[in-house]
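# Overview (structure and organization)
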Amino acid sequence: TSDMEKQLHLNRLSSRPPVSGGGFQSGSKMRMGPGRKRDFSPVPWSQYFESMEDVEVEDESSKDTFRIYRSGSEGPVVLLLHGGGHSALSWAVFSAVIFNRIHCRVVAVDLRGHGDTKVKNSEDLSAETMAKDVGKVVEALYGENPPPIMLIGHSMGGAIAVHTAAANHVPSLLGLCVIDVVEGTAMDALNSMQNFLRSRPKTFKSLENAIEWSVKSGQIRNVESARVSMVGQVKKCEDPLDSPGGSKSIVEGIIEEEEEEEEEEGESNHKRKKEDDLEAKKECLYTWRIELAKTEKYWDGWFRGLSSLFLSCSVPKLLLLAGVDRLDKDLTIGQMQGKFQMQVLPQCGHAVHEDAPEKVAEALATFMVRHKFTDAKGGFQCVFPAC
C-alpha cells in the first residue's frame, strides 16, 4: 500500500477525543464497514468555529474586507495564517482541537486574494503587503491595545507570519510558530512548483469531486479536514466558458468548426453535438479560487532570507516540520544554539496541521503552557520532554 493509504489506515485505527465547538470526533468518519464508501461530502465551518465575520480594514483609497473565523472570548489569541491556495478553513479541525486543550481565543484569517476576503488589489501578494494586512486586521479587531497574540503560519502563511513578526506589525506578539516552511527547501522547490500546479485538475464536477481528489492525490491526508477545508480552495465557475480548460477561444473554435461542418452534417447530428458540448460545459462547475501560477513573481520575496529573519525575531519560536531533511544550514546552526524549539511530525504531508491536527495542537499547547502564555484545560497534560 502507498504511504497515503497507510496514513489513512492509521487514522482509522486511532481513537481520538471529541473536540469542542460541535466538531466531529476526529477520524470518526473514517471507520467503515466492508463495502462502505468513504464520505467526501462537504462539512460547514460551523462544526469547528463559533462565528464567522468580515472585518473591514481602511485602505488609502478603498475599504477591504477580510473574512475571519473565530472561537472563544478569553485568553491569548491564536492567530492562524494559511498556506498559498488554501483558506482559513484549513485550520478548522486544528482550531477545534487546540480550543479544547488550552485557554485561548482562535482567529483564522483568509489572506489577501484567498478564500472570501475581498480587497481592491487582490493580485498584490507581496510579503510586505500581506504582513501589513495581518497588522491591520489585528488593529481592526482589537484597537490600539490588542491582547497577547501567538502567531502561527503554514507554508506561505508561515513566511508571512515571520515577515509580520519581524516588521513588528503585531505589537502584542507573544510567540511565533512556523509550520513546514524552511528557506532552503522552499527556494529549491520553486523550480518545480509550476509543474506541480500544472499537474492539478483545472476544474471539478462537484465539491465532493474536489474533496475526493485532494485526499486521493495526497494533498490532504485527513478526510475530515479535507471535507471542511477544500470548500475554501475552490469556487463555482461564474461562467463555464470562463473556466480553465473551457476558455472562450476553445469554445469559439468549436463553434466555427460546427458552422463549417453544418452543411455536411445532418441536423440531428448537429443537435446532438451541441447537447454534448453543453453537458461538457456543465461539468466544469468548480475551479480554484486563486490561480497560484500567477503569483510566481512573489515567491522569491516570501522565502528569500526567511531563516535569518525567523532567527532575528525576539519572541519564543516553534518550528514544526514534516521531515528533518527540510532543515537548512542557518536553521540547523540556530537549532543547535537553542534559538528556537523544533519538532518533527513524521508520517505527515506538507499540510501538517490538516494531516495530524491533534499532534500539531498538542505541540503548540505544550509550547504555550511551557512558556506560561496560558493554562491547560480539560485535563490536557504536557506530553513532550520539553515540558
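In the nomenclature of an unreviewed UniProt entry, the chain corresponds to Protein phosphatase methylesterase 1 from the organism Lepisosteus oculatus. You can read under Catalytic activity (unreviewed entry) in the UniProt record for the chain the words "[phosphatase 2A protein]-C-terminal L-leucine methyl ester + H2O = [phosphatase 2A protein]-C-terminal L-leucine + methanol + H(+)". According to its UniProt record, the chain has this under Sequence similarities (unreviewed entry): "Belongs to the AB hydrolase superfamily."

### Structural notes on the nonpolar core
With 52 residues, the main nonpolar core has Leu-79, Leu-176, Trp-302, Phe-303 and Leu-319 as its most contacted residues. The residues contacting Leu-79, other than those within four sequence positions of it, are Val-107, Val-109, Val-134, Val-138, Ile-149, Met-150, Leu-151 and Ile-152. Within the second largest apolar cluster, 43 residues are counted, among which are Val-43, Tyr-69, Ile-98 and Phe-373.

### Quick word on the UniProt feature "active site" (unreviewed entry) in the chain
Mapped onto this numbering, the UniProt entry gives "active site" (unreviewed entry) at Ser-155, Asp-180 and His-350. The annotated residues occupy 196 residues of the chain but converge on a single region, no pair of C-alpha atoms lying more than 8.2 Å apart. In the annotated group above, the second largest pocket draws its lining from Ser-155, Asp-180 and His-350. Apart from the residues lying within four places of it in its own chain, the contact partners of Ser-155 are Gly-83, Ile-179, Asp-180, Val-181, Phe-303 and His-350. Within the secondary structure, His-350 sits in the loop between strand 11 (341-344) and helix 13 (352-355). The contacts of His-350, once residues within four sequence positions are left out, are His-154, Ser-155, Asp-180 and Asp-355.

### Structural notes on helix 10 (residues 296-303)
Taken as a whole, helix 10 has its buried residues at Tyr-298, Trp-299, Trp-302 and Phe-303. Buried residues of helix 10, viewed axially, fall in a sector of 120°; they line one side. For helix 10, the elements touching its buried residues are helix 3 (127-142), helix 4 (156-166), helix 5 (183-199) and helix 11 (306-312). Of the residues flanking the end of helix 10, it is Gly-305, one or two places downstream, whose phi is positive at about 80°.

### Topic: the layout of surface pockets
In this structure, the second largest pocket spans a volume of roughly 900 Å³. Considering the residues around the second largest pocket, the lining is formed by 35 residues, among which His-154, Ser-155, Met-193, Phe-196 and His-350 are closest to the centre. Elements with a minimum of two residues in the lining of the second largest pocket: helix 5 and helix 10. At eight residues, the largest contribution of residues to the lining of the second largest pocket is made by helix 5.

### What to know about the pattern of salt bridges
One pass over the structure, following the stated rule, counts 13 salt bridges. For Lys-216, the salt bridge identified is with Glu-212, shortest N-O distance 2.6 Å. Remark: Glu-212 and Lys-216 occur in helix 6 (residues 207-216); sequence separation between them is four residues, near one turn of the helix. On the basis of relative accessible area, Glu-212 is assigned to the partly exposed category, the value being 27%. Residues participating in the shared-partner salt-bridge network are Asp-54, Arg-67, Asp-116 and Arg-289.

### Quick notes on the sheet that holds strand 8 (residues 234-236)
Consider a sheet: its strands pair through backbone hydrogen bonds, and that pairing is either parallel or antiparallel. Taken in spatial order, the three strands of this open sheet run 7-9-8, and their pairing is antiparallel. If you trace the sheet from one side to the other, it starts and ends with strand 7 (203-204) and strand 8, each paired once. Sheet analysis places strand 8 next to strand 9 (residues 286-288), joined by three bridges and oriented antiparallel. Along strand 9, the bridge assignment pairs Lys-235 with Thr-287.

### Examining empty space enclosed by the protein
Summed over the entire model, instances satisfying the criterion amount to two cavities of 30 Å³ or more. Computed from the structure, the largest cavity encloses a volume of approximately 50 Å³. Every residue lining the largest cavity is listed: Val-162, Val-178, Val-181, Val-182, Glu-183, Leu-306, Ser-307, Phe-310, Leu-319 and Leu-331. By residue number, the principal contributor to the lining of the largest cavity is helix 11, which donates three residues. Considered class by class, the residues forming the lining of the largest cavity number eight nonpolar, one polar and one charged. The calculated volume of the second largest cavity comes to roughly 40 Å³. For the second largest cavity, the full set of lining residues is Leu-79, Leu-81, Val-109, Leu-111, Val-134, Val-137 and Val-138.

### Quick word on the packing of aromatic side chains
A complete count under the given rule lists nine aromatic pairs for this structure. Residues Trp-91 and Phe-94 carry aromatic rings whose centres are separated by 5.6 Å and whose planes lie at 65° to one another, so their mutual orientation is edge-to-face. Here Trp-91 falls in the buried class, since its relative accessible area comes to 0%. Phe-94 sits in the buried class, given a relative accessible area of 1%. Linked through ring pairs, Trp-45, Phe-49 and Tyr-69 together constitute an aromatic cluster. The ring of Trp-288 carries Arg-200 above its face, with NZ or CZ at 3.8 Å from the centroid. The ring of Phe-99 has Lys-377 lying over it, and the distance from NZ or CZ to the ring centre is 4.2 Å.

The rules we used
Residues numbered from 1 in each chain as written. Predicted model: local features only at pLDDT ≥ 70, side-chain atom pairs only at ≥ 80, totals over all residues. Heavy atoms only, no water. UniProt positions renumbered as here; feature names shortened; annotations may be inferred. Core = buried A, V, L, I, M, F, W, Y, C linked by side-chain atoms within 4.5 Å. Buried < 20%, exposed > 50% of the residue type's maximum accessible area, 1.4 Å probe, protein only. Contact = heavy atoms within 4.5 Å. 1 Å grid on protein atoms, 1.4 Å probe; cavity = no way out; pocket = protein on both sides within 12 Å on 5 of 7 lines; lining within 4 Å. Helix = DSSP H or I, 4+ residues; strand = E, 2+ residues; numbered from the N terminus. Arc of directions from axis to C-beta. Points joined across faces, edges and corners; volume = space filled by probe spheres on them. Salt bridge = Lys/Arg side-chain N within 4 Å of Asp/Glu carboxyl O. Pairing = 2+ DSSP bridges. Nonpolar A, V, L, I, M, F, W, Y, C, P; charged D, E, K, R; others polar. Phe/Tyr/Trp six-rings, centres within 6.5 Å; stacked < 30°, edge-to-face > 60°. Lys NZ or Arg CZ within 6 Å of the ring centre and 35° of its normal.

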